[in-house]
Amino acid sequence: MRFTVKNDGLETVKAQVLIVGVHTGARRLRGAAARLDRRTRGTLTRAMALEGFSGKKKELAWAEAPRTAAKQILLVGLGPSDAFDGKALGDAMGTAASACQKRGIATAGVLVPVSRSVPASEAAQTVAMAMELACYDPAMYKTDPEERKKASLRRVDLVAEREGQTKALNEGKRRGAALADGILLTRDLVNRPANELTPRLLAREARLLARGKGIRCRVAGPAECRRRGMGGLLGVGQGSAEPVQFIQLEYRPTRLPRSAPKIAFVGKGITFDTGGISLKPAANMDQMKTDMGGAAAILGAFKVLSILQPAVHVLGYIAAAENMPGGKAVKPGDVLRMMNGMTVEVNNTDAEGRLVLADALHFAKLRKPDFMVDAATLTGACMIALGDVAGGLMSEDEKLARLIEEAAQRSGDPVWRLPLSEVHRTRMKGHVADLKNTGPRDGGASTAAGFLSRFAEGVPWAHLDIAGMVWTDENRPTEPKGATGYGVRLFHAIAESAASGAW
Ligand code: BES
Ligand code: MN
Ligand code: ZN
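An account of the accompanying structure is given in this report. None of the values given here were measured: they were computed from a predicted structure.

### Looking at the pattern of salt bridges
No. 1: With the rule as written, the count across this model stands at 25 salt bridges.
No. 2: A salt bridge links Glu 496 to Arg 175; its shortest N-O distance comes to 2.7 Å. Of this pair, Glu 496 sits in helix H15 (residues 488-499) while Arg 175 sits in helix H5 (residues 166-191), and the two are 321 residues apart along the sequence.
No. 3: The exposure class of Arg 175 is buried, given its relative accessible area of 18%.
No. 4: With its nearest N and O atoms 3.0 Å apart, the salt bridge here joins Arg 417 to Glu 398. Placement of the pair is Arg 417 in strand E15 (residues 415-417) and Glu 398 in helix H12 (residues 398-411), with a sequence separation of 19 residues.
No. 5: A network of salt bridges, in which partner residues are shared, links Asp 388, Glu 474, Arg 476 and Glu 479.

Below you can see the structure in the form of structure tokens.
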């Protein structure tokens, strides 16, 4: 999808459709929309009356477009103006984009609604991102072309309401398109099945990213992981025919101020989680192809970093493995020696995420980052606690927790704080080894974090449990059923906060 900013007035935009947002309320048509109504001799008012359109959220009404350079007009409801925010705008424009897609429309002009609650740059960013995300088609393996949403919408003109907005709209559009690029990469990776997306393929995708500006990538295979003593990652991967991969990414812009912070992102990259010898039940096990959602979010975020080039140094670490049962698989009761020297009793082979993350966190720590944040589809317990409403945020560093909460709010990827303290660490003490990998069932998200904290000691660290967020079973305005791409915007926002001196 190509976005261009225009400010010559809606009626001059040459496109198959003009998309115009309308609020509910007494005087629904205002500003540029009211001008377009006069220009078209009341076509908008008539269409609204005819279709009983009142501007409610996501409501649609089609109209003709006389005396303009466009073929038709699509009105979309923005809801009440006093409760208007970026989410409402994104949902509206996503809905409009899907409607255009259904009709095979290739070119559209969008009047970008600018308000006090959603200023120009943010509005353009939201519109561009939402339209691109809404048109995403996860049916990549269908052979019947009729069954695939054709990517029809190719060109979108973002039309300014007033002069003087062009610069802000251009900046917002650039950010929106970049974020969408990253999110779509992440969705593709999470949607891809595990027979295709193996740890080695994940590594290849990471290497492809290194073509981007300021990105470098190194991958360690099983031999190097063994030399480095990464017993957690190797232990989890030993039941699989697919070799483990430890992926190292680095983003460093060309002109980086000396004072710029160095931060690390760490991701769980289990390309399929059968549970191992502690095998999962059959129902919905196919969902476990999404168990590399944390890793995918990091790859998406690095893509965005390479495009937007914020002034911050970012390291990325992904521990990738396939968790399989088999003659060589790790067994319940086995003891693993981790990279940091600690020993872990594997009392449940299905608690594999924390084992691979432990080594990755320790590795990241050796690079002495100012802070580190990991993302992992780690526990069903977090899903039970928070559902698909927010990712679980666990940290004992108040400053970092606040930075992440603020970044989450700004980015649109919500988080919710869950407890983490000494209690949770105590519950992970082992019987014959230093630690065991599963504690009591209750408070499972926090005890998992308690386990991880032993490997992050000494560096400000936060853990994001994103198990409930990486996938949706319902079609949402900007999230068709499947992978959501959660985490990309959040990671990018965290990096931007660090770049702007919040750390
Ligand atoms: N990948 C799963 C967590 C998960 C479950 C993610 C459902 C998404 C949806 C993780 O590896 C796992 O199996 N966790 C266990 C831990 C338990 C054995 C302590 C869980 O949550 O049941
Ligand atoms: Mn598991
Ligand atoms: Zn898992």
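Let us keep going from here.
### Details of the coordination of the zinc ion (ligand 3)
No. 1: Coordination of the zinc ion (ligand 3) by the protein comes from Lys 268 (NZ), Asp 273 (OD), Asp 291 (OD) and Glu 352 (OE), over a distance range of 2.0 to 2.4 Å.
No. 2: Counting along the primary sequence, the residues that act as donors to the zinc ion (ligand 3) give the motif K-x4-D-x17-D-x60-E.

### Some words on unusual backbone geometry
No. 1: Of note, Arg 41 is a non-glycine position whose phi angle comes to about 55°, a positive value.
No. 2: Structurally, Arg 41 is set in the loop between helix H1 (31-39) and helix H2 (43-50).
No. 3: A relative accessible area of 59% places Arg 41 in the exposed class.
No. 4: Even without being glycine, Lys 368 reaches a positive phi, approximately 50°.
No. 5: Locating Lys 368 in the fold gives a position in the loop between helix H10 (353-366) and strand E13 (371-376).

### Focus on the packing of H10 against helix H14 (residues 444-456)
No. 1: The N-to-C vectors of H10 and H14 enclose an angle of 30°; their axes lie 8 Å apart at closest approach. Overall, the two elements H10 and H14 adopt an arrangement that is roughly parallel. Relative to H14, H10 is oriented so that their crossing is right-handed. Within the contact between the two elements, H10 uses Arg 354, Leu 355, Leu 357, Ala 358, Leu 361, His 362 and Lys 365 and H14 uses Ala 448, Phe 451, Leu 452, Phe 455 and Ala 456.

### Notes on the coordination of the manganese ion (ligand 2)
No. 1: Around the manganese ion (ligand 2), the protein contributes the donor atoms Asp 273 (OD), Asp 350 (O), Asp 350 (OD) and Glu 352 (OE), at 2.1 to 2.2 Å from the metal centre.
No. 2: As a motif over one chain, the donors of the manganese ion (ligand 2) read D-x76-D-x1-E.
No. 3: Between the manganese ion (ligand 2) and the zinc ion (ligand 3), a separation of 3.2 Å is found, and both are coordinated by Asp 273. Of this pair, Asp 273 sits in strand E9 (residues 262-273) while Asp 350 sits in the loop between strand E12 (343-345) and H10; the two residues are 77 residues apart in sequence, bridging distant segments of the chain.

### Quick look at the site of ligand 1
No. 1: Every one of the 16 residues lining ligand 1 counts as a neighbour, but Lys 280, Asp 291, Asp 350, Glu 352 and Gly 380 are closest to it.
No. 2: Glu 352 is positioned with one of its side-chain polar atoms (N or O) 2.9 Å from an oxygen atom of ligand 1.
No. 3: About the coverage of ligand 1: the protein hides 78% of its 520 Å² of free accessible area.
No. 4: Of all the elements in the fold, those that place two or more residues in the shell around ligand 1 are E9 and helix H11 (380-386).

### As for the layout of surface pockets
Over the atoms, a rolling probe the size of a water molecule traces out where space has been left empty.
No. 1: For the largest pocket, the calculated volume is near 1300 Å³.
No. 2: For the largest pocket, the lining is made up of 48 residues, of which Lys 280, Thr 379, Gly 380, Ala 381 and Met 383 are closest to its centre.
No. 3: Where the lining of the largest pocket is concerned, the elements lending two or more residues are E9, H10, H11, H14 and strand E18 (471-472).
No. 4: When residues of the lining of the largest pocket are assigned to their parent elements, the largest contribution, six residues, is made by H11.
No. 5: Among the residues making up the lining of the largest pocket, the classes are represented as 18 nonpolar, 17 polar and 13 charged.
No. 6: In this structure, the second largest pocket occupies an estimated 1000 Å³ of space.
No. 7: Along the wall of the second largest pocket there are 35 residues; nearest its centre are Lys 87, Ser 411, Gly 412, Asp 413 and Arg 489.
No. 8: At the level of secondary structure, the elements contributing two or more residues to the lining of the second largest pocket comprise helix H3 (86-102), helix H4 (120-134), H5, H12 and H15.
No. 9: Split into classes, the residues belonging to the lining of the second largest pocket amount to 11 nonpolar, 11 polar and 13 charged.
No. 10: There are two domains that each give the lining of the second largest pocket at least three residues, and those are domain 1 (2-162) and domain 2 (184-499).

### What to know about the environment of Asp 465
No. 1: Relative to the helices and strands, Asp 465 resides in strand E17 (residues 461-465).
No. 2: Here Asp 465 falls in the buried class, since its relative accessible area comes to 0%.
No. 3: Between the C-alpha atoms of Asp 465 and Tyr 136, which are 329 residues apart in sequence, the distance is 25 Å.
No. 4: For Asp 465, the contacting residues outside a window of four places in its chain are Ala 376, Thr 377, Leu 378, Thr 379, Cys 382, Gly 391, Gly 392, Met 394 and Ala 445.
No. 5: Engagement of the side chain of Asp 465 in a polar contact is seen with the backbone nitrogen of Leu 378, the distance being 3.2 Å.
No. 6: Polar side-chain contacts of Asp 465 include one of 3.2 Å to the backbone nitrogen of Ala 467.

### A closer look at the sheet that holds strand E11 (residues 335-337)
No. 1: Spatially, three strands are ordered E11-E12-E16 in an open sheet, and the strand pairing comes out mixed. Across the chains shown, the open sheet's two edge strands, defined by having one partner strand only, are E11 and strand E16 (435-436).
No. 2: Alignment of E12 against E16, held across two bridges, turns out to be parallel. Bridged to Glu 345 within E16 is Lys 436.

Cut-offs applied
Residues numbered from 1 in each chain as written. Chains lettered and ligands numbered in written order. Predicted model: local features only at pLDDT ≥ 70, side-chain atom pairs only at ≥ 80, totals over all residues. Heavy atoms only, no water. Salt bridge = Lys/Arg side-chain N within 4 Å of Asp/Glu carboxyl O. Helix = DSSP H or I, 4+ residues; strand = E, 2+ residues; numbered from the N terminus. Buried < 20%, exposed > 50% of the residue type's maximum accessible area, 1.4 Å probe, protein only. Donors = N, O, S within 2.8 Å, 3.2 Å for Na, K, Ca; no water. Axes fitted to C-alpha atoms, helices over the stretch in contact; angles between N-to-C directions. Parallel < 35°, antiparallel > 145°, perpendicular 65-115°, else oblique. Left-handed = near helix turned anticlockwise from the far one by under 90°. Contact = heavy atoms within 4.5 Å. Near = heavy atom within 4 Å. Polar contact = N/O pair within 3.5 Å; in protein donor to acceptor, adjacent residues only side chain to side chain. Areas by Shrake-Rupley, 256 points an atom, 1.4 Å probe, with all protein chains shown as cover. 1 Å grid on protein atoms, 1.4 Å probe; cavity = no way out; pocket = protein on both sides within 12 Å on 5 of 7 lines; lining within 4 Å. Points joined across faces, edges and corners; volume = space filled by probe spheres on them. Nonpolar A, V, L, I, M, F, W, Y, C, P; charged D, E, K, R; others polar. Domains from an automatic or database assignment. Pairing = 2+ DSSP bridges.

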